[in-house]
Amino acid sequence: MVASLALICTWVGPAYASEDVDTVSVADVERALAGVRAGLVEDAAASSRTDDAVAVLDVGGSTATVPRDASEGVKLAVGDAVVGISLPAAEGGEAGVSLESGAVAYPSDNGVANTVVPFSDGVQMLTTIASSKAPERFAYGIDVPVGGSVMLVEDGSAVVADRDGITVLTTNVPWAVDANGAAVPTRYEVDGTQLVQVVEHTARDVAYPVVADPTYWWGGKTWIPANKVSISQTASILYALIPGFVGPVALYNVGLGLCNQAGKGIWVYWTWAGDIWCTGP
């Protein structure tokens, strides 16, 4: 199983630039991310490096490998399951550079720069869009398990499932913001085994750079209807979904009642590292 995750927003005034700038430097990326609202950018976990990878993170049996060459894509592995995710617009990207934060940035001369943040349960992939000349569609090619698929979820997020329909990777609901913190309309589309983030930044007045994000984590999520939001009923559902699930004790700290304050049901998330949490609708 795998899952996804995560996010960015806010600041006052553009970090750099003019509409004619195609070069996106490491400094440009750092300034753009520094202006994002706290809590949206994941905290990178400590990682090692190899001759071919800027960052290799191994946590609880799951491994994330972030390459020096952006065209090679990111590799996520849990046990025998390996999923590769290509980076959008990688053809104009330079070699990956490790930032002080632990994230890996790929400066470019095509108006779009990728940043990868490896964290304990997956990877966050941030796109810095420098000007209105940049594209609006950013395709993440996913090497799905044999017989598997990429699917959209009702809340706007996406999952990667194996041939049996078991979720191996999950994403967050997509978001995009401009340099002033204003939301930019965005959504996911699926094209075969590609997850495409559409960022509608050219048809409106936005302050560049725009930052957009899908987050991928090993794990999954499921919607629990309001009439089943209880420790015992939720545990029974997770027993069927998560191999080796040890509930219901693991659920006591999730705060099911708080998540279901609206009385509409809850989303329950889990990762292979053993984390379980919930949110309301």
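Keep in mind it's a predicted model, so treat the numbers as computed, not measured.

J.: What is the right way to look at the pattern of salt bridges in this model?
T.: Pairing is possible between side chains of opposite charge, provided their charged atoms come close. Considering all chains together, one arrives at six salt bridges under this definition. A salt bridge links Arg 187 to Glu 200, with the shortest nitrogen-to-oxygen separation between them at 2.7 Å. Placement of Arg 187 in strand S15 (residues 186-191) and of Glu 200 in the loop between strand S16 (194-199) and strand S17 (210-213) is noted, with a sequence separation of 13 residues between them. By relative accessible area, Arg 187 is classed as partly exposed at 35%. Among the residues examined, Glu 200 registers a relative accessible area of 25% and is labelled partly exposed. Residues joined in a network through salt bridges with shared partners are Arg 137, Arg 187, Glu 189 and Glu 200.

J.: Any chance you could explain the state of the cysteines here in plain terms?
T.: Two cysteines form a disulfide when their sulfur atoms are joined by a covalent bond. Taken as a whole and judged by the stated rule, the model has one disulfide. What pairs with Cys 259 in a disulfide is Cys 278, and their sulfur atoms sit 1.9 Å apart. With the S-S bond torsion at 85°, the cross-link from Cys 259 to Cys 278 turns out right-handed. Remark: Cys 278 occurs in strand S20 (residues 276-279) and Cys 259 occurs in helix H3 (residues 256-259); sequence separation between them is 19 residues. Assigned by exposure class, Cys 259 and Cys 278 land together as buried.

J.: Could you clarify how one ought to interpret the pairing of strand S19 (residues 265-271) in this entry?
T.: Where a strand is regular, its side chains alternate between the two sheet faces. Among the seven residues of S19, seven are classified as buried, and the element is accordingly described as predominantly covered. Alternating residues of S19 divide into Gly 265, Trp 267, Tyr 269 and Thr 271 and Ile 266, Val 268 and Trp 270, and every residue in both groups is buried. As judged from the seven bridges shared by strand S18 (residues 215-225) and S19, these two strands associate in the antiparallel manner. Looking at the pairing, Pro 225 lines up with Gly 265 of S19.

J.: Explain the sheet that holds strand S10 (residues 137-141) here, please?
T.: Backbone hydrogen bonds hold the strands of a sheet together, and the pairing may be parallel or antiparallel. Spatially, S10-S16-S15 is the arrangement adopted by the three strands of the open sheet, whose pairing is antiparallel. Of all strands in the sheet, those bounded by a partner on one side alone are S10 and S15. Strand-to-strand twist of the sheet, defined as the mean angle between neighbouring strand axes without regard to direction, takes the value 25°. Here S15 pairs with S16 via six bridges, running antiparallel. Bridged to Asp 191 within S16 is Gln 194.

J.: Can you help me understand the nonpolar core in this one?
T.: Grouped together as the largest cluster of nonpolar side chains are 40 residues, with contacts concentrated most on Met 125 and Tyr 216. Grouped together as the second largest cluster of nonpolar side chains are 14 residues, Val 24, Val 29, Leu 126 and Trp 175 included.

Cut-offs and rules
Residues numbered from 1 in each chain as written. Predicted model: local features only at pLDDT ≥ 70, side-chain atom pairs only at ≥ 80, totals over all residues. Heavy atoms only, no water. Salt bridge = Lys/Arg side-chain N within 4 Å of Asp/Glu carboxyl O. Helix = DSSP H or I, 4+ residues; strand = E, 2+ residues; numbered from the N terminus. Buried < 20%, exposed > 50% of the residue type's maximum accessible area, 1.4 Å probe, protein only. Disulfide = S-S within 2.5 Å. Pairing = 2+ DSSP bridges. Axes fitted to C-alpha atoms, helices over the stretch in contact; angles between N-to-C directions. Core = buried A, V, L, I, M, F, W, Y, C linked by side-chain atoms within 4.5 Å.

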